[in-house]
Amino acid sequence: VDPVSLEAKRDLVVAVAMHAKGRAALNGDDESSASSFEARAAAAIPWLVRADEAFARCAAHAAALVAKVDNVGLLELDLCRAYAVLEDPTALDDATRRLDRAAEAIAKRVAPQYVDAALRKARSGGSRRRVVIPPDLIPVARLKLLRGILAAATTTQGGDSSARTELDDARVLLAALTVDAAAVEPLLHL
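Residues numbered from 1 in each chain as written. Predicted model: local features only at pLDDT ≥ 70, side-chain atom pairs only at ≥ 80, totals over all residues. Heavy atoms only, no water.

Trainee: Would you mind going over the overall build of the protein with me for this structure?
Mentor: Scanning the protein from N- to C-terminus turns up eight helices and zero strands. Considering only contacts in the protein between residues 6 or more positions apart, those separated by 24 or more positions represent 71%. If you sum the accessible surface of the protein, you get close to 11200 Å²; carbon and sulfur atoms cover 58% of it. (Helix = DSSP H or I, 4+ residues; strand = E, 2+ residues; numbered from the N terminus. Contact = heavy atoms within 4.5 Å. Areas by Shrake-Rupley, 256 points an atom, 1.4 Å probe, with all protein chains shown as cover.)

Next comes the structure, spelled out in structure tokens:
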């Protein structure tokens with residue numbers, strides 16, 4: 001077992017903390033949160049960029065350590081969400097790279113066949129019966145939503161079929177995601 005350097009551990013802790021701070025700003029969960037989505041996104045980006053830099057420093061010394069955490073892929077999604085809220089055309093190339101990295105990270109955790117099966121199951125439910133898919137597909141739904149937004153933003157005609165496909169997949173997944181009330185009940189009594 002290779003020992004992980006103290007510097008790599010420190011960078012990982014900093015990355016996770018910066019990501020949490022950026023996510024809180026983006027979601028409006030921090031005490032200094034601005035009221036508009038745009039202001040929250042603008043406030044979140046510096047925290048998220050610092051998290052990205054800390055993850056990169058950690059990966060330079062201990063790539064295996066970074067590969068064990070889901071935060072990197074989720075960070076990429078959060079940064080792209082902030083870019084989308086700001087409608088920043090200068091961020092399109094960066095968003096493309098980040099969504100590709102997010103897709104790689106998510107694919108390590110959620111098999112594409114599993115996603116395909118969940119989409120088939122969700123689509124087969126129709127309007128008569130509710131189909132429930134597990135919450136581990138939330139990052140996949142977020143990825144598809146952001147890819148659809150990016151595809152629509154980079155298409156000059158606005159009729160890109162990949163944008164429609166990604167957005168439809170995201171809609172189907174998000175509609176099928178539910179919270180298990182029985183699982184939440186014990187948490188309410190903590």
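Trainee: Just checking my understanding: could you explain the pattern of salt bridges for this structure?
Mentor: Opposite charge on two side chains makes pairing possible when the charged atoms of those side chains draw close. The tally for this structure, following the rule as stated, stands at 16 salt bridges. Arg 98 serves as the salt-bridge partner of Asp 52, at 3.1 Å between the closest nitrogen and oxygen. Taken together, the residues span a long stretch of sequence, with Asp 52 in helix α2 (residues 37-67) and Arg 98 in helix α4 (residues 92-109) at a distance of 46 residues. Here Asp 169 and Lys 144 are joined by a salt bridge, their closest N and O atoms 3.2 Å apart. (Salt bridge = Lys/Arg side-chain N within 4 Å of Asp/Glu carboxyl O.)

Trainee: Please clarify how a nonpolar patch on the surface should be interpreted in this entry.
Mentor: A cluster of nonpolar side chains, namely Leu 145, Ile 149, Leu 167 and Leu 174, defines an oily patch on the protein surface of about 290 Å² accessible area. Looking at where Leu 145 falls in the secondary structure, it is placed in helix α6 (residues 138-154). (Patch = residues over 30% accessible without salt bridge, like charges linked within 9 Å, V, L, I, M, F, W, Y side chains within 5 Å.)

Trainee: In this structure, what is going on with the packing of helix α1 (residues 6-27) against helix α3 (residues 71-86)? I would like to understand it.
Mentor: Helix packing geometry: the angle between the two helix axes and the distance between the axes. Following both chains from N to C, one finds α1 and α3 inclined at 35°, their axes separated by 11 Å at the closest point. When you trace α1 past α3, the crossing you get is left-handed. Where α1 abuts α3, its residues Val 16, His 19, Arg 23, Leu 26 and Asn 27 lie against Asn 71, Leu 74, Leu 75, Asp 78, Arg 81 and Ala 82. Its residues assigned to classes, the contact of α1 with α3 comprises five nonpolar, three polar and three charged. (Axes fitted to C-alpha atoms, helices over the stretch in contact; angles between N-to-C directions. Left-handed = near helix turned anticlockwise from the far one by under 90°. Nonpolar A, V, L, I, M, F, W, Y, C, P; charged D, E, K, R; others polar.)

Trainee: Mind showing me how you'd approach the layout of surface pockets here?
Mentor: Its volume calculated, the largest pocket comes out at about 300 Å³. Lining the largest pocket are 14 residues, and of these Val 66, Val 72, Arg 101, Ala 105 and Lys 108 lie nearest its centre. Of all the elements in the fold, those that place two or more residues in the lining of the largest pocket are α2, α3 and α4. The biggest single contributor to the lining of the largest pocket is α2, with six residues. Size it by volume and the second largest pocket reaches roughly 230 Å³. Along its surface, the second largest pocket is lined by 14 residues, and Tyr 83, Ala 84, Leu 92, Ile 149 and Ala 153 are the ones closest to its centre. Only α3, α4 and α6 provide two or more residues apiece to the lining of the second largest pocket. If you tally residues by element for the lining of the second largest pocket, the top one is α6, at four residues. For the lining of the second largest pocket, the residue count by class is 12 nonpolar, no polar and two charged. (1 Å grid on protein atoms, 1.4 Å probe; cavity = no way out; pocket = protein on both sides within 12 Å on 5 of 7 lines; lining within 4 Å. Points joined across faces, edges and corners; volume = space filled by probe spheres on them.)

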